Amino acid sequence: MENTLHYTLVRSARKTLAIQIRQDGSVIVRAPLRMSEDRILQFVREKEGWIRAHQERVGQQKQESPGAEKLTAAQIQELADKACRYIPERVRYYAPLVGVTYGRITIRNQKTRWGSCSSKGNLNFNCLLMLAPPEVIDSVVVHELCHRKEMNHSKQFYAHVYRVFPRYESCHKWLKENGAALMRRM
């Protein structure tokens, strides 16, 4: 009997295929609007080993930190207050180094994202970043500011990131290894 990989397909005005493994282990496949079902299925089959490995890692992370206490509303508010003081200061520091301007800075308590940048230059950051090392916070700030130059994750985008923040790789790795546990505290 075939062990079928289940996924949710999300089509949008994008050019490439992408796979996202959510914190609950579910799989989202993002595809261009007009891409054939056969091509999408072929892509998923090619990536099945990678998908299963990531699902297994998500399961292990849940087992390793099942007792991570949920944050109270007061603790979340305290993190948000800290972030409102700290993160704008880091944005002001790095924006000239990246060579960009920015709009409004908003701090949120999100369950899936560390930060985002709108096409208008408004920046959003997750208050849970305050539980990460300062260098990791800086890496997210630089990442979002570099989206003011490139609204994608191309080679050019990462060239901007690494030019300003050469230690980005280790910080990104820290978030991949520890981020899910922090998000589960929300």
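Since we're looking at a predicted model, the values are computed, not measured. (Residues numbered from 1 in each chain as written. Predicted model: local features only at pLDDT ≥ 70, side-chain atom pairs only at ≥ 80, totals over all residues. Heavy atoms only, no water.)

**Points about the pairing of strand 6 (residues 123-126)**
As a general feature of sheets, a regular strand has side chains that alternate between the two faces. So the rule is basically this: Here's how the labels work: a residue is buried when its accessible area is under 20% of the maximum for its type, exposed when over 50%, partly exposed in between, all with a 1.4 Å probe on protein chains only. A run of DSSP states H or I qualifies as a helix once it reaches four residues; a run of E qualifies as a strand once it reaches two. Both are numbered from the N-terminal end. The rule for pairing is simple: two strands pair if DSSP sees at least two bridges between them.
Residue alternation in strand 6 divides its side chains into two sets, Leu 123 and Phe 125 and Asn 124 and Asn 126, and both sets are buried. Where strand 4 (residues 105-108) lies against strand 6, four bridges are found, and the strand directions are parallel. Counterpart to Arg 108 in the pairing with strand 6 is Asn 126. Where strand 5 (residues 115-117) meets strand 6, three bridges bridge the pair, whose relative direction is antiparallel. Paired with Ser 116 across the bridge in strand 6 is Asn 124. What sits between the antiparallel neighbours strand 5 and strand 6 is a turn of five residues, in which Gly 121 has the positive phi angle 90°.

**Some words on the packing of aromatic side chains**
Applicable threshold: Stacked, tilted and edge-to-face are the three classes applied to pairs of Phe, Tyr and Trp rings, where Trp contributes its six-membered ring and a pair requires centres within 6.5 Å; stacked means planes under 30 degrees apart, edge-to-face means over 60, and tilted covers the rest. Either the NZ atom of lysine or the CZ atom of arginine qualifies as a charge over a ring when it sits within 6 Å of the ring centre and within 35 degrees of the ring normal.
Here the structure, examined in full by the defined rule, presents five aromatic pairs. Taken together, a centroid distance of 4.9 Å and an interplanar angle of 80° make the contact between Phe 157 and Tyr 158 edge-to-face. With a relative accessible area of 25%, Tyr 158 lands in the partly exposed category. Ring pairs connect the aromatic residues Phe 157, Tyr 158, Tyr 162 and Tyr 168, which therefore count as one cluster. Against the face of Tyr 93 rests Arg 90, its NZ or CZ located 5.0 Å from the ring centre. Sitting over the face of the ring of Phe 165, Arg 167 holds its NZ or CZ atom 4.6 Å from the ring centroid.

**Regarding the environment of Tyr 93**
Position of Tyr 93 relative to the elements: it lies in helix 3 (residues 73-98). Given the relative accessible area of 45%, Tyr 93 is considered partly exposed. Separated by 48 residues in sequence, Tyr 93 and Val 141 have C-alpha atoms that sit 9.8 Å apart.

**Here we look at helix 1 (residues 37-46)**
We count it as follows: Working definition: the arc comes from the directions between the helix axis and the C-beta atoms, pointing outward to the latter.
Within the span of helix 1, buried status applies to Ile 40, Phe 43 and Val 44. Taken around the axis of helix 1, the buried residues stretch over an arc of 100°, which confines them to a single face. With respect to the buried face of helix 1, the exposed residues turned more than 90 degrees away are Asp 38 and Arg 45.

**Details of the sheet that holds strand 3 (residues 27-32)**
What counts, and what does not: Lines fitted to C-alpha atoms define the axes, with helix axes restricted to the stretch in contact, and inter-axis angles between N-to-C directions lie between 0 and 180 degrees. Whether two residues are in contact is decided by their heavy atoms: any pair within 4.5 Å suffices.
Pairing within the open sheet is mixed, and its three strands lie in the order 1-3-2. A strand with exactly one partner marks an edge of an open sheet, and here the two such strands are strand 1 (8-12) and strand 2 (18-21). Averaged over all pairs of adjacent strands, the angle between their axes in this sheet comes to 25°, without regard to strand direction. Where strand 1 lies against strand 3, five bridges are found, and the strand directions are parallel. Opposite Arg 11, over in strand 3, you have Ala 31 as the bridge partner. The sheet contacts of helix 1 involve strand 1, strand 2 and strand 3, and relative to strand 1 the element is tilted by about 125°.

**Description of the confidence of the model for the chain**
Low-pLDDT portions of the prediction should not be read for the details of their coordinates. Going by this rule: Within a predicted model, pLDDT stands for the predictor's per-residue confidence, ranging from 0 to 100.
Of all residues in the chain, 94% attain a pLDDT of 70 or more, and the chain-wide mean is 91. Model confidence for the chain, summarised as mean pLDDT per element, is weakest for helix 2 (residues 48-64) at 77 and strongest for helix 4 (residues 134-146) at 98.

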